[in-house]
Number of protein chains: 2
Amino acid sequence: MRERGYGMFVHFGMNTFIEMEWSEGKEPATTYNPTELDCEQWVRTARDAGFRYVLLVTKHHDGFCLWDSRVTDYDVASSGNTTDVVKAVSDACRKYGLEFGVYYSLWDRHEPSYKAADFSGYRQFMDEQLTELLTNYGTVCEIWFDGGWDRKAEDWDIPHIYELVKRLQPDCAMGVNNSAYLAESNLSENIYGSAGPDEMTGKHAVKFGYFPMDFRLKDPYIANWNDNKIYNIDGEDHYLPFEHTICLSKKWNWFQKQDVMETRDIDELEELFYRAMANNNTLVINVPPDRRGLFRQNEINALMELRDRVGINQPNKKLMHKMVEKPISLGCRAKASSEWDANEYGADRAFDGGLYHRWASKEKTGWLEVELDREKTFERISIFEYMDEALASDGFTRKRVNRIEEYTIDAYNNGKWETIYYSTEPMGDCKVINFATPQKAEKLRLNIRGAKEAPSIYEFSVYEHKAK
Amino acid sequence: MRERGYGMFVHFGMNTFIEMEWSEGKEPATTYNPTELDCEQWVRTARDAGFRYVLLVTKHHDGFCLWDSRVTDYDVASSGNTTDVVKAVSDACRKYGLEFGVYYSLWDRHEPSYKAADFSGYRQFMDEQLTELLTNYGTVCEIWFDGGWDRKAEDWDIPHIYELVKRLQPDCAMGVNNSAYLAESNLSENIYGSAGPDEMTGKHAVKFGYFPMDFRLKDPYIANWNDNKIYNIDGEDHYLPFEHTICLSKKWNWFQKQDVMETRDIDELEELFYRAMANNNTLVINVPPDRRGLFRQNEINALMELRDRVGINQPNKKLMHKMVEKPISLGCRAKASSEWDANEYGADRAFDGGLYHRWASKEKTGWLEVELDREKTFERISIFEYMDEALASDGFTRKRVNRIEEYTIDAYNNGKWETIYYSTEPMGDCKVINFATPQKAEKLRLNIRGAKEAPSIYEFSVYEHKAK
C-alpha cells in the first residue's frame, strides 16, 4: 500500500446527474444517463497523471450500483446507460497497468432491507454485493467502506466483513471511513488518533470504532507530520497507515454537477502530496466524471500540472517518499505578538505539525515567530491560513476568503531582522514560497501588516530542502 | 547591445535618504550617508542573478553626483560617505565580468548655471561631467540620458553630446529617454513610434525628439510584439532597438525608501523578460540599494527566482532571444460579448501585441474570444488585466486592484466549448497559465463570470511553446 501511494478517487453515479450532493435513493434509475461514457479516458488520465491506482465509487449512500447487481434493480442495468462501469474501469486498469480499488457505502438509502427491524437481511445483501465486487472484477487492491455512522458500529459486523474480504481477495487492504475515531476512550473529543488532526506519539492502547482493518481513514482530515502508525489494539501492535482523501475541486464537491468546478490551487495539492509521501501515508484525489461520463479538461490540466510539479511524470517512476523531509520548524519554540487564547490558539499551534489546531491573533496586525536551528538553511516555506466563508458573486455558492492582506517574512540573523519576502496578495488555500538560494535564520517571523479580521494560521512550515 | 540584453538598473543617491521620489537639489550633501555601503554586493548580486550589465544612476534630477566631480561640490566627496560609487561599481563590474553603463540626468535642479539666462554655461558643465564619467572609469557600454523634457529638445544640443560620447567611448551606445517621442509628426499623440505603446510596421519617416542616438528609450512603456526597429531619419535607415526600463518594485519606486518594498510578481517579470528577448530588445530592471547601501534580501530573492524561471542560471549562458516565439494569437480575429467603445476599446485591442490599448467590456460579465489556427497547439497563456487603484491598508499607499473575480478559459473544438482553466483568484499584475500538455482550440475564450467593475484586458497572449 505504501508503494501504491498515490490514487485517483472516482465519484460517479446518481449524484452526478442531480444538483444535490447526496441523493436519497428515490431518483429513478434512469436519471443516471451518461451520454459519452468512456471509462478508458478516466484510467488513461490517471496513468498519464502519475496515479498508481483508481479507487472507484461502486455504490454511494443512495444505493445506486455502478455494476449489474443480482440483488437489486437500482443499478446501471436498469438505467439510461447499461455499461457495467466496475467492469469497464477494472478492465481499463489492467490495460493501463494500474491497480484497482473499490469504494462501497455501508449506508444504503434505497435498499428496503436496510430499514427492516431485523438488520440481518441487509447484512446478507451486503455479503452478496461484496462477493460480486470481489469475485467478478479481477484483483482488487483496496476496499474503502463509508457511511458507517448511520448505525451503531457493531451493527455492521466488521470482523465478518473483514473475513469475507480476505477470503475473496487475500491481498486487498481494507479501510473504514472514520475508523480513526476512538469509540471508547477518555481522551478529549479533539483527539482522533493520529489519523485525525492531532498528534499521538509512541504506541497507544486505543480501541478503534471499526476493527479489524488495514489502514486508517478519516475523511477529510490531513495527518499530522508526526503521524503515529503503530497502535496497540487488544494487546497487539498494528501498523496502520493513513489514507488521505481530498477533492480536486476547491469547493469539496465529490460529484460533478452541471457547472464546471474550480480545482484547488496546485500549491496546495503539491504540499499535501509531499505531506503524504514524506509521512509514508497515501494520498487519494477525487476526480469526478461529468454527465457525459468524461473528465473535464480543466481538471485534467490541473492533474498534469501537479504531476510535473511533484516530478512523477515518468510512468512507473517510484514515488519518492522522502522527496521532502519534515519541516525544520516542527515543534520549535514559538511566540506571537498576541494570542486569542493561550491554551487553544497559542503560537505553538502553528508549528505542531497538524492542520487542525491553529494560532490566532487577538489583533488585526501582529507577528508569529519561531526559533530555528541556526545551522540549518531552508529553501521553502508553506503557510496554511484559516479562512472565512463568503458568498460568491453568483449569490449562493460559498467561497473561502483570506483574512491576511499584507505580510512579510522576516529573518533574524546576527541581531537584526531582515525581510526576505513581501506580499500584498492573498495566500489562497495554501501559500508556498520557494527560495532560489538557501536562506538562513536564527529566528523566522511572519509579520502581518494588514488583515480584514484577526489572522489565524493552521500551520507554518519551514523546509530545509526544496521538493523534487 | 542585443547580446547584452539583460541589465540591472541601480537608482541610488540623495533620494534614497528622503521620503520623496524626486528631491529638488536642496537637501544638504550630508543627507546622503550610507552606513554599510558595499557596491560589490550589488554587482555580485547582478552577476548571480544573470544580468549582463549594471546601469548606474550617476546623477539624478537633484544634481547630486555619485562621484567626486571637479565642477560641483554637490557630490559624494562632500557627503556623509565619500566613497566614489561610480568607481566602486565600475571596478566591481570588471571584477565580476559584467559590463558597466551610466545613467546621467540632463535636468539638474541643483546646479546654478542650469537656470542662468545663458544656457551655454550648463552645457559646458555637462561636457565636463560627461568627460569625467567617460574618461575615468574604464569602458562604458551604454549611456542613458534622462530629464530632457524640462527644456526644449534643441537646448541640449544632442548632436554635440553624441559626438563627445563617441569620441571618448567609441563603443558606448547612447539613448535619451522619451527619444521615441515624435517631436514633429502628423500622427496622433498616442503614436510614440514603436518604442512606445503602438505598433508601427515597415519603415517610417519620422523625426525623433532627440537625435542622433543608438537605441530608443521611453520609460516605462513596453514595446509592441511587432516592434519596428528600422526608422528612416533624414533619408537614412537606422536600426534602433528599444531598451525596456522597469522597476523590481511593484509600486514603481525607483529609489529605495525607509520601508521595505514589495516586488512585482515573478509571473509578470518573466513575461516581460520573454517579450524583450523574443523581440530582440533589451530589458533593464531597477534594483535600488537601501540606506545601508545594500540590496534588500527580499529583492535579491525575487531576482534569483526570476533567474531560475527564465533559465539563465548558468553564468555567461547566452540569452536565448528565441526562448519564446511570438504569440499565435497576435492579430487574430477577435470578438467580445460587448465593447465599451468599438473604436477605442474593441476586442481586437487585446490581441494587438501591445500593452497600451485594451479591450473594455460594457458589462461586468462577458467574454472575449479569439480565432486561432486550428493546426497549432498551445501551452501557455498570459493575461494583462487593466486594474484600478485603491488605498492600501496603511491608509495612504496606493495599490492596484483587479476587477475580475471569477473567470474561465474555454476552448472551442468540433462544435463545442469546453473549459480548460477556471479560477476565482485575482490575476495580479499579469496572469500566466501554463499547461503541462499541449492544448488545441479553433477558438479560445476568456469568460468572465464575475467582476467588481466592467473588466478590461490590455493583452491576451496565447503561446505555442512553453518558455525555456
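Residues numbered from 1 in each chain as written. Chains lettered and ligands numbered in written order. Predicted model: local features only at pLDDT ≥ 70, side-chain atom pairs only at ≥ 80, totals over all residues. Heavy atoms only, no water.

1. A look at the overall build of chain A
Then, in step 1: A tally of regular secondary structure across chain A gives six helices and 24 strands.
Then, in step 2: Looking at chain A residue by residue over its 468 residues, the buried ones come to 60%.
Then, in step 3: At a minimum sequence separation of 6, the contacts of chain A that also span at least 24 residues come to 75%.
Then, in step 4: Surface summary for chain A: the accessible area is close to 17,800 Å², and the carbon and sulfur share equals 45%. (Helix = DSSP H or I, 4+ residues; strand = E, 2+ residues; numbered from the N terminus. Buried < 20%, exposed > 50% of the residue type's maximum accessible area, 1.4 Å probe, protein only. Contact = heavy atoms within 4.5 Å. Areas by Shrake-Rupley, 256 points an atom, 1.4 Å probe, with all protein chains shown as cover.)

2. Quick look at the relation of the copies chain A and chain B
Then, in step 1: Superposing chain A onto chain B takes a rotation of 180° combined with a translation of 0.0 Å along the rotation axis, leaving an RMSD of 0.0 Å. Taken together, the rotation and translation relating the two chain copies correspond to the operation of a two-fold axis. Distance from the rotation axis, computed per C-alpha, reaches its smallest value in chain A at Pro426(A): 4.4 Å. (Least-squares fit on C-alpha atoms with pLDDT ≥ 70 in both.)

3. Thoughts on the pairing of strand 12 (residues 242–247) of chain B
Successive residues of a regular strand alternate their side chains across the two faces of the sheet.
All names here are of chain B.
Then, in step 1: With respect to burial, strand 12 is a largely interior element, six of its six residues being buried.
Then, in step 2: Side chains Phe-242, His-244 and Ile-246 project from strand 12 onto one buried face, and the interleaved Glu-243, Thr-245 and Cys-247 project onto a second face that is buried too.
Then, in step 3: Here strand 9 (residues 215–217) pairs with strand 12 via two bridges, running parallel. Paired with Leu-217 across the bridge in strand 12 is Glu-243.
Then, in step 4: Read from strand 12 through helix 5 (residues 266–278) to strand 13 (residues 282–286), the crossover connection turns out right-handed. (Pairing = 2+ DSSP bridges. Right-handed = clockwise from strand over helix to strand, strands pointing away.)

4. Focus: the environment of Thr131(A)
Residues and elements named next belong to chain A.
Then, in step 1: Checked against the element boundaries, Thr-131 lands in helix 3 (residues 120–135).
Then, in step 2: Taking the C-alpha atoms as reference points, Thr-131 and Tyr-463, separated by 332 residues in sequence, lie 47 Å from one another.
Then, in step 3: With residues near it in sequence (within four places) discarded, Thr-131 still touches Leu-164 and Leu-168.

5. Brief notes about the confidence of the model for chain A
Residue and element names in this part refer to chain A.
Then, in step 1: Taken as a whole, chain A shows an average pLDDT of 89; of its residues, 90% reach a score of 70 or greater.
Then, in step 2: Low pLDDT, under 50, characterises residues 181–203; the predicted model gives this stretch 65 contacts beyond four residues in sequence or across chains.
Then, in step 3: This prediction of the complex comes with two scores: 0.89 for pTM and 0.87 for ipTM. (pLDDT = per-residue confidence, 0-100.)

6. Some remarks on the pairing of strand 10 (residues 230–233) of chain B
Residues and elements named next belong to chain B.
Then, in step 1: Burial of strand 10 is one-sided: the residues Tyr-231 and Ile-233 facing one way are buried, the residues Ile-230 and Asn-232 facing the other way are not.
Then, in step 2: Where strand 10 meets strand 11 (residues 236–239), four bridges bridge the pair, whose relative direction is antiparallel. Across the sheet, the residue bridging to Tyr-231 is His-238, located in strand 11.

7. Structural notes on the sheet that holds strand 16 (residues 366–371) of chain A
Residues and elements named next belong to chain A.
Then, in step 1: Across the sheet, five strands lie side by side as 14-16-23-20-21; this open sheet has antiparallel pairing. With one partner strand each, in any of the chains shown, strand 14 (334–336) and strand 21 (416–423) form the two edges of the open sheet. Averaged over all adjacent pairs, the angle separating strand axes in this sheet is 20°, with direction ignored.
Then, in step 2: In terms of strand pairing, strand 14 meets strand 16 through three bridges, oriented antiparallel. Looking across to strand 16, one finds that Ala-334 is bridged to Val-370. (Axes fitted to C-alpha atoms, helices over the stretch in contact; angles between N-to-C directions.)

8. Comments concerning the side chain of Ser79(B)
Residues and elements named next belong to chain B.
Then, in step 1: By the element assignment, Ser-79 lies in the loop between strand 2 (53–59) and helix 2 (85–96).
Then, in step 2: Classification of Ser-79 as buried rests on a relative accessible area of 11%.
Then, in step 3: A distance of 2.9 Å separates a polar atom in the side chain of Ser-79 from the backbone oxygen of Asn-81. (Polar contact = N/O pair within 3.5 Å; in protein donor to acceptor, adjacent residues only side chain to side chain.)

9. As for the interface of chain A and chain B
Then, in step 1: Contact residues are listed per partner, giving 38 residues for chain A and 38 residues for chain B.
Then, in step 2: For the pair chain A and chain B, the summed buried surface comes to about 2,900 Å²; carbon and sulfur atoms form 39% of the total.
Then, in step 3: Put simply, chain A and chain B have eight salt bridges between them.
Then, in step 4: For Glu425(B), the salt bridge is made with Lys250(A), and the minimal N-O distance between the two is 2.7 Å. (Buried area = accessible area lost by both parts, 1.4 Å probe. Salt bridge = Lys/Arg side-chain N within 4 Å of Asp/Glu carboxyl O.)

10. Overview of the packing of helix 1 (residues 39–48) of chain A against helix 6 (residues 297–310) of chain A
Residue and element names in this part refer to chain A.
Then, in step 1: Running from N to C, helix 1 and helix 6 point in directions that differ by 25°, and their axes come no closer than 9 Å. Relative to helix 6, the element helix 1 is oriented roughly parallel. Mapping the contact onto sequence places Gln-41, Thr-45 and Asp-48 in helix 1 and Ile-300, Leu-303, Met-304 and Arg-307 in helix 6.
Then, in step 2: Each residue belonging to the contact of helix 1 with helix 6 can be placed in one class, and the counts come to three nonpolar, two polar and two charged. (Parallel < 35°, antiparallel > 145°, perpendicular 65-115°, else oblique. Nonpolar A, V, L, I, M, F, W, Y, C, P; charged D, E, K, R; others polar.)

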